Every structure is written in structure tokens, then in C-alpha cells.
Amino acid sequence: MPELPEVEALSAFLSERLTGRVIARVQPVAISALKTYDPPVTALEGRTVGRVTRRGKFLDIEAEGLHLVVHLARAGWLRWKDGLPAEPPRPSPRNPLALRLRLEGGAADGFDLTEAGSKKGLAVYVVRDPAEVPGVARLGPDPLDPAFTLADFAALLRDDRRRLKGVLRDQSALAGVGNAYSDEVLHAARMSPYKLAASLTEEEVARLYEALGGTLREAVERSHGLAAGELKAEKKLGLRVHGRTGEPCPVCGDTIREVSFADSSLQYCPTCQTGGKPLADRRLSRLLK
């Protein structure tokens, strides 16, 4: 799933290509991806793009008072095309295309929104105010916002009895962090994903705050200037523990372990994060009974 660093890089990539350009056509293909109907997507046509920004994991393309807001979900992606086909896109069970945006001009450039797999979660909104999108309205503070201080982070954690992994992934607590980067942040902070947020000492809160900002900033810097098509591969290369079950930890050399859930998993280093003790994997335990 694209998270804060990839969406930040996508917004910068699109800003260079869309700002000041006129939208010629917006063509939905997977109607299930379109979550609003007033204004219609056609209201974007003929409008000039003002700016492209990121709101948590959402992309926000503003065009003369209207906003095209996109959430890529688990398997969605944006594919830039320097030359779009002349014929209109057609829905097909084997076609991952969800929406096409074409710009005015002889180059016929623009982008496709695609979504692989059978579980569809990609969401597209056309709104007058981004706050009309429920997911945007619920967003907590952005961890890369200069106004988000250590004191703010400490207040956020102080009375939260949830595990750190869940708090970091909760978009109403912090905007933009998902499964992958929550693993990376906790590894950098040398903390167990099962540790309770409210149990952290002042020193641990400060350490987690530094790991949160540092991990995300480093990932954003690695992604800066990359084309949209290169971002997924860069993300995988940059991850230290997430998705690396069975590999040696790059810090201590211990074997990276995994805990599986119904539709996701987390990865961690026992030596760096849990005092050398493996965490219980309840799904595996059930299988062994």
C-alpha cells in the first residue's frame, strides 16, 4: 500500500507535470472507484490545475475550486502516460484501469489510475472542499508537519492503551503511516510493536518521535525526483525489516521474524525490539493445534 513517502513523491511528480495545465477529459472506467457524483467528474474538464498536494495517504489535485482526491488503497497505483491512446478506455474484467485523466495539448499526456487484484479499495472523489472526503476529515496530525512537536506526540500517546503498532497505523491518530513504515519506525526506535503507548517513558517517547520523523524523512528523500513507475521498487529496497521475514537484521544480524494477522502481517527483529524473545503468532499457533 502506498504510504506517506510514496504519496509525497507522487504529489511532487504530478505537481511538475500538472500545475498550470488544463484538464481535457476525466474518464472513469471502474465506476465502483468513484465515490461522489456531485460535482460530476466532467466538471473538472476545462479547468486549470492549480496545485497538487498530499493529505495523509490521499492525493489532492486542485483545479479552479474543485478537488480530485484519490486514495490508492492496497493495490492502486498511478501510471503517467506521455501518449494516451486516442480511443476511450473500456471496462474489462482483466483490465486494471479505474480512471483516466487526459490533459489538453498535442502531447496527449496524462495518467491512468489502476488497481490490481479482486479486492477493490481505490477511491476517487470530486469535491469542492477536501474536508468533504470522510477519510480526509478524520486525519490526525501529519508527522512531517513542522508544527507537530514532541509535546504534541507525547499528548497523543499519553492515555492511549493500544499497542504502538496500532496507534502508528491509525490515520485519525497520525496521518500517512501504514503497515510498512510502522514496522520501520518501531525497528528504528528499538521498540516492540506490542508495547502499550501509554506505558512509554519520556525518553522512549522522545526516541519514538525521532524515529518517526527520521524514518519518514529519509524515505521521502530517497523517493525525491523518481518517476512514478520507480517508486514501488525504491520503497522495497529501502525497507529494513518490513517484508524481510527470514533475512538477517541489518543492525544486529538476528533473523527477522513475522506475526501474521487475518489480512496483514508485521515484521520485527527480536534482538533489537523485544529483548530477544519472539512474539506470539496466534494464527500459526492455531494451525499447530
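For the structure itself, consult the block above.
Criteria and cut-off values
Residues numbered from 1 in each chain as written. Predicted model: local features only at pLDDT ≥ 70, side-chain atom pairs only at ≥ 80, totals over all residues. Heavy atoms only, no water. Helix = DSSP H or I, 4+ residues; strand = E, 2+ residues; numbered from the N terminus. Polar contact = N/O pair within 3.5 Å; in protein donor to acceptor, adjacent residues only side chain to side chain. Contact = heavy atoms within 4.5 Å. Patch = residues over 30% accessible without salt bridge, like charges linked within 9 Å, V, L, I, M, F, W, Y side chains within 5 Å. Areas by Shrake-Rupley, 256 points an atom, 1.4 Å probe, with all protein chains shown as cover. Salt bridge = Lys/Arg side-chain N within 4 Å of Asp/Glu carboxyl O. Lys, Arg positive; Asp, Glu negative; His and termini not counted. Charge placed at Lys NZ, Arg CZ, Asp CG, Glu CD. Buried < 20%, exposed > 50% of the residue type's maximum accessible area, 1.4 Å probe, protein only. Pairing = 2+ DSSP bridges. Axes fitted to C-alpha atoms, helices over the stretch in contact; angles between N-to-C directions. Phe/Tyr/Trp six-rings, centres within 6.5 Å; stacked < 30°, edge-to-face > 60°. Lys NZ or Arg CZ within 6 Å of the ring centre and 35° of its normal.

(A) Spotlight on the side chain of Glu3. By the element assignment, Glu3 lies in the segment before α1 (4-18). A polar contact of 2.7 Å, which involves the side chain of Glu3, links it to the backbone nitrogen of Gly178. Engagement of the side chain of Glu3 in a polar contact is seen with the backbone nitrogen of Asn179, the distance being 3.4 Å. Setting aside its immediate chain neighbours within four residues, Glu3 contacts Lys57, Gly176, Val177, Gly178, Asn179, Ala180, Tyr181 and Lys235.

(B) Molecular detail of a positive patch on the surface. Together, Arg79, Lys81, Lys232 and Lys236 line one region of the surface with positive charge. If you list the elements that add at least two residues to the positive patch, you get β5 (76-81) and α7 (231-238). Residue placement: Lys236 occurs in helix α7.

(C) Examining the pattern of salt bridges more closely. Counted under the stated rule, the structure contains 18 salt bridges. Measuring nitrogen to oxygen at the nearest pair gives 3.8 Å for the salt bridge that ties Arg128 to Asp38. On the criterion of sequence distance, the pair formed by Arg128 in the loop between β8 (123-127) and α2 (134-137) and Asp38 in the loop between β1 (23-28) and β2 (49-55) is long-range, its members being 90 residues apart. Given a relative accessible area of 47%, Arg128 falls into the partly exposed group.

(D) Fine view of the sheet that holds strand β3 (residues 58-63). Ordered by their spatial adjacency, four strands build an open sheet running β2-β3-β4-β8, and the pairing between neighbours is antiparallel. The sheet terminates laterally at β2 and β8, the two strands that pair on one side only. Strand-to-strand twist in this sheet, taken as the mean axis angle between neighbours without regard to direction, amounts to 15°. Summarising the sheet, strand β4 (residues 66-71) and β8 pair through five bridges and their orientation is antiparallel. Considered in β8, the bridge of Val70 is made with Val124. Its contacts with the sheet put α1 on β2 and β3, and the angle it makes with β2 is roughly 175°.

(E) View of the packing of aromatic side chains. A complete count under the given rule lists four aromatic pairs for this structure. Ring centres of Phe13 and Trp80 lie 6.2 Å apart, and the angle between their planes is 85°; this geometry places the pair in the edge-to-face category. With Phe13 in helix α1 and Trp80 in strand β5, this residue pair connects regions lying 67 residues apart in the sequence. Each member of the pair, Phe13 as well as Trp80, carries the same accessibility label: buried. Pairing Phe148 with Tyr209 gives two aromatic rings, centres 6.2 Å apart and planes at 50°, and the pair type is tilted. Here Phe148, found in the loop between α2 and α3 (150-158), pairs with Tyr209, found in helix α6 (residues 202-223); they are 61 residues apart in sequence, far enough to count as distant. Chaining the aromatic ring pairs together yields one cluster made of Phe148, Phe153 and Tyr209. Here the guanidinium or amino end of Arg17 rests over the ring plane of Phe13, the centre of that ring lying 3.7 Å away. Geometry around Tyr194 places Arg163 over its ring, the cationic atom sitting 3.9 Å from the centre.

(F) The sheet that holds β5, seen in detail. Read from one edge of the open sheet, four strands run β1-β6-β7-β5, paired in antiparallel fashion. Since the sheet does not close on itself, it has two edges, and those belong to β1 and β5, each with one partner. Across the sheet, the mean angle from the axis of one strand to that of its neighbour is 15°, orientation sign disregarded. Strand direction decides the pairing type here: β1 and strand β6 (residues 97-103), joined by five bridges, are antiparallel.

(G) Layout of the side chain of Gln273. When you line up the elements, Gln273 lands in helix α8 (residues 270-273). A polar atom in the side chain of Gln273 sits 2.8 Å from the backbone oxygen of Met191. Those residues in contact with Gln273, other than ones at most four positions away along the chain, are Leu186, His187, Arg190, Met191, Ser192, Pro193 and Tyr268.

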